[in-house]
Amino acid sequence: LVNTDAIEINAVFNPTFTELFFTRIIDGSFIIHHTKIQGDGNWSKPEPIQMYADGERESVAIDPSITQNGKTMYFLGISPEDRSKNAKPDIYKSHKVDGKWQRATRVGYTVSTDDFAESYPVVVADGSIYFTSDRPGGLGKRDIYKAQYLGEGKFVNPVNIGPEVNSKKSERSTYVSPDEHVLVTGNNYTEEKGFAVSFK
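Quick caveat, the model's predicted, so the values are computed rather than measured.

1. With respect to the environment of tyrosine 145
Part 1: Considering the arrangement of structural elements, one finds tyrosine 145 in strand β12 (residues 143-147).
Part 2: Sequence spacing of tyrosine 145 and proline 46 is 99 residues, and the spatial spacing of their C-alpha atoms is 32 Å.

Right, dumping it as structure tokens:
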């Protein structure tokens, strides 16, 4: 159902493991698809989620992360307009209303910025977001930040999570457990390849 002759990447489940989200690359666009468990116990045919009003031009929607209530999705996005300008990625969100995912909106400043890249969003149990950014003031080329959730779609200014995890290199491919006790990221810390883990 999921794997085709196209490229499928970045698969994640909702917290109850009843829905699966992944990105499929189609004609230059990175499109999030969705499948769910049906009443007969089988998975439905994956369907694309149109995140942007302009569904014809190339766009990017990858690295989805789903809130604990299953009703909000955060992802790395580049809109069709920004894609045509070779703009850097931002963090976008989409809400599920009456069972249908709505058109995405860009998460506002200071999570997303106009001049710097924001990527790899991970939403944790209290609604806060971890993400990577190359914004000024970091410890390396690209660091991991946390934006504490205040409710009603608002966040505290993102905070660099510090030198225990952030290095002089570029942090990437980060996962944080819902309770924030475990962080897994690309290994920049030893000569070994793979991933590195940090415990809080």
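After presenting the structure, the write-up continues.
2. Side note on the environment of isoleucine 78
Part 1: Here isoleucine 78 is to be found in strand β6 (residues 72-78).
Part 2: By relative accessible area, which is 11% here, isoleucine 78 ends up buried.
Part 3: Expressed as a C-alpha distance, the spacing of isoleucine 78 and tyrosine 92, which sit 14 residues apart in the sequence, is 8.6 Å.

3. Points about the pattern of salt bridges
Part 1: Counting across every chain of the model gives eleven salt bridges.
Part 2: Two residues, arginine 24 and glutamate 8, come together in a salt bridge whose shortest N-O distance is 2.7 Å. Taken together, the residues span a long stretch of sequence, with arginine 24 in strand β2 (residues 19-26) and glutamate 8 in strand β1 (residues 7-13) at a distance of 16 residues. A single burial state applies to arginine 24 and to glutamate 8, both of which are buried.
Part 3: Between glutamate 180 and lysine 146 there is a salt bridge; the shortest N-O distance is 2.9 Å. Within this pair, whereas glutamate 180 is found in the loop between β16 (175-176) and β17 (182-186), its partner lysine 146 is found in strand β12, the two being separated by 34 residues in sequence. As far as the burial class goes, glutamate 180 and lysine 146 line up, both buried.

4. As for the pairing of strand β7 (residues 90-97)
Part 1: Bridge count for β6 against β7 is six bridges, and the pairing is antiparallel. Along β7, the bridge assignment pairs threonine 72 with histidine 95.
Part 2: The sheet contact formed by β7 and strand β9 (residues 105-106) spans two bridges and is antiparallel. Opposite tyrosine 92, over in β9, you have arginine 106 as the bridge partner.
Part 3: Counted along the chain from β7 to the antiparallel partner strand β8 (residues 100-101), the turn is two residues long, and its residue aspartate 98 has a positive phi close to 50°.

5. A word on the nonpolar core
General note: in soluble globular proteins, nonpolar side chains tend to be found buried as a group.
Part 1: Counting residues in hydrophobic clusters, the biggest one holds twelve residues: Phe21, Ile32, Ile49, Met51, Tyr52, Ala61, Ile66, Met73, Phe75, Tyr92, Trp101 and Ala104.
Part 2: Put simply, the parts of the chain that give this core at least two residues each are β5 (60-66) and β6.
Part 3: In this structure, methionine 73 is in contact with Phe21, Ile32, Ile49, Met51, Pro64, Ser65, Ile66, Tyr92, Lys93, Ser94 and Trp101, ignoring residues within four places of it in sequence.
Part 4: Core analysis: the next-biggest nonpolar cluster, separate from the first, contains ten residues, Val111, Val123, Ile129 and Phe131 among them.

6. Examining the side chain of serine 59
Part 1: Tracing the backbone through its elements, the reader meets serine 59 in the loop between β4 (47-48) and β5.
Part 2: The buried category is assigned to serine 59, whose relative accessible area is 8%.
Part 3: Contact partners of serine 59, with chain neighbours within four places excluded, come to Gly28, Ser29, Phe30, Tyr52, Ile78, Ser79, Pro80 and Arg83.

7. Observations regarding the sheet that holds β16
Part 1: Sheet architecture is open: three strands sit in the order β16-β17-β18, paired in antiparallel fashion. Two strands lie at the open edges of the sheet, namely β16 and β18 (195-199), each paired on one side alone.
Part 2: Where β16 meets β17, two bridges bridge the pair, whose relative direction is antiparallel. Within the sheet, the bridge partner assigned to tyrosine 175 lies in β17 and is valine 184.

Conventions and cut-offs
Residues numbered from 1 in each chain as written. Predicted model: local features only at pLDDT ≥ 70, side-chain atom pairs only at ≥ 80, totals over all residues. Heavy atoms only, no water. Helix = DSSP H or I, 4+ residues; strand = E, 2+ residues; numbered from the N terminus. Buried < 20%, exposed > 50% of the residue type's maximum accessible area, 1.4 Å probe, protein only. Salt bridge = Lys/Arg side-chain N within 4 Å of Asp/Glu carboxyl O. Pairing = 2+ DSSP bridges. Core = buried A, V, L, I, M, F, W, Y, C linked by side-chain atoms within 4.5 Å. Contact = heavy atoms within 4.5 Å.

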